[in-house]
Amino acid sequence: MTGSPSIRPLALSDVEQLLSWAKDEGWNPGLDDAAAFYAADPDGFLGCFVDGEMAAGMSAVRYGSDFGFIGLYISRSDRRGKGYGRQVWDAGMALLDGRTIGLDGVPEQQANYRRMGFAAVSETFRWSGVHAGTATPAPDVIDVMPSLLPAIAAFDRNFFAEARQAFLNAWLAPPRVACALVRNGEIQGYAVARACHDGVKIGPLFAQCPADARLLLGALAATSGGQALHIDVPAGQTAFSDDLRAHGFVRGFATARMYKGPPPALNQAGIFGITSLELG
């Protein structure tokens, strides 16, 4: 007999399991995502447990006092159709109650999200390809060091709904590769590369203009060892997307950034690659 389901926050080991399910679904998470994701909000990952085993899980990460982001919404393949996913969804929405909530929805789920009160504000495309990289990076593109983290966090605030210092402290640390564009002592852009089960994902890629975004991408591509790069680019970045196409990148699947509640005011012109589909 199956026991009654219970909802509880996930331990780090449970988040690792949830990411292994994401790999099985073909979502291609990073090899070392779990600890950095967990640093964003250790109580922001929920699971529905049955007989001591996780049957469904999701992230419902809180940023600041007014924003949250939902992702990694997965039911275990042999536990589907029993309502466990909906129970964990309801718990995640309750955790984020009173905040604007964001998510990245695939086309086949967007109608469901609209029925739940979400509205699409923009579209993102996955671009994938091999980039030779810049053999000699521009002198103002440097590796991120701990002393730069406060300035990067302040710059990041232009492109993300709330401050996320704890997450960035983990996300910009090894084994990920992070670089920043610094001119006259000020951050003008930054980007992060992380190894995934298939190739390397770039995100975020925030910069003041397409030329600066290309500098950062070239610097990270040079560290990728010729592996395929994947970057989730807002549809409005047409010039940057054209440049990716010219380098042999291919446009893949689309997602829609959707919000329930007032959308945050962001510098959309400077977002050339979102951080992740899982945490925003």
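Above this text sits the structure in question.
Residues numbered from 1 in each chain as written. Predicted model: local features only at pLDDT ≥ 70, side-chain atom pairs only at ≥ 80, totals over all residues. Heavy atoms only, no water.

The subject of this paragraph is the pairing of strand E4 (residues 67-75). Burial of E4 is extensive: eight of the nine residues sit out of reach of the surface. Sheet analysis places strand E3 (residues 53-63) next to E4, joined by seven bridges and oriented antiparallel. Bridge pairing in E4 places Tyr63 opposite Phe67. Where E3 folds back onto E4 in an antiparallel hairpin, the turn is made up of three residues, including Gly64, whose phi is positive at roughly 60°. The sheet contact formed by E4 and strand E5 (residues 100-105) spans three bridges and is parallel. (Buried < 20%, exposed > 50% of the residue type's maximum accessible area, 1.4 Å probe, protein only. Helix = DSSP H or I, 4+ residues; strand = E, 2+ residues; numbered from the N terminus. Pairing = 2+ DSSP bridges.)

Moving on to the pattern of salt bridges. Per the stated rule, a full pass over the model turns up 13 salt bridges. With its nearest N and O atoms 2.8 Å apart, the salt bridge here joins Arg257 to Asp104. Pair noted here: Arg257 is in strand E12 (residues 250-260) and Asp104 is in strand E5, with a separation of 153 residues, a long-range link. As far as burial versus exposure is concerned, Arg257 and Asp104 are alike and both buried. Here Asp212 and Arg183 are joined by a salt bridge, their closest N and O atoms 2.9 Å apart. With Asp212 in helix H7 (residues 210-221) and Arg183 in strand E8 (residues 177-183), this pair connects stretches of sequence that are 29 residues apart. (Salt bridge = Lys/Arg side-chain N within 4 Å of Asp/Glu carboxyl O.)

What follows covers the packing of aromatic side chains. According to the stated counting rule, one finds 15 aromatic pairs in the structure shown. On the basis of an interplanar angle of 75° and a centroid distance of 4.8 Å, the ring pair of Tyr63 and Phe160 is categorised as edge-to-face. With Tyr63 in strand E3 and Phe160 in the loop between helix H5 (149-156) and helix H6 (165-171), this residue pair connects regions lying 97 residues apart in the sequence. A centroid spacing of 5.2 Å and a plane angle of 50° characterise the contact between Tyr73 and Trp89, whose relative ring orientation is tilted. Linking Tyr73 in strand E4 with Trp89 in helix H3 (residues 84-95), this pair joins segments that are 16 residues apart in sequence. Assessed through its relative accessible area of 31%, Tyr73 is described here as partly exposed. (Phe/Tyr/Trp six-rings, centres within 6.5 Å; stacked < 30°, edge-to-face > 60°.)

Bear in mind that shape data such as this cannot, by itself, settle questions of function.
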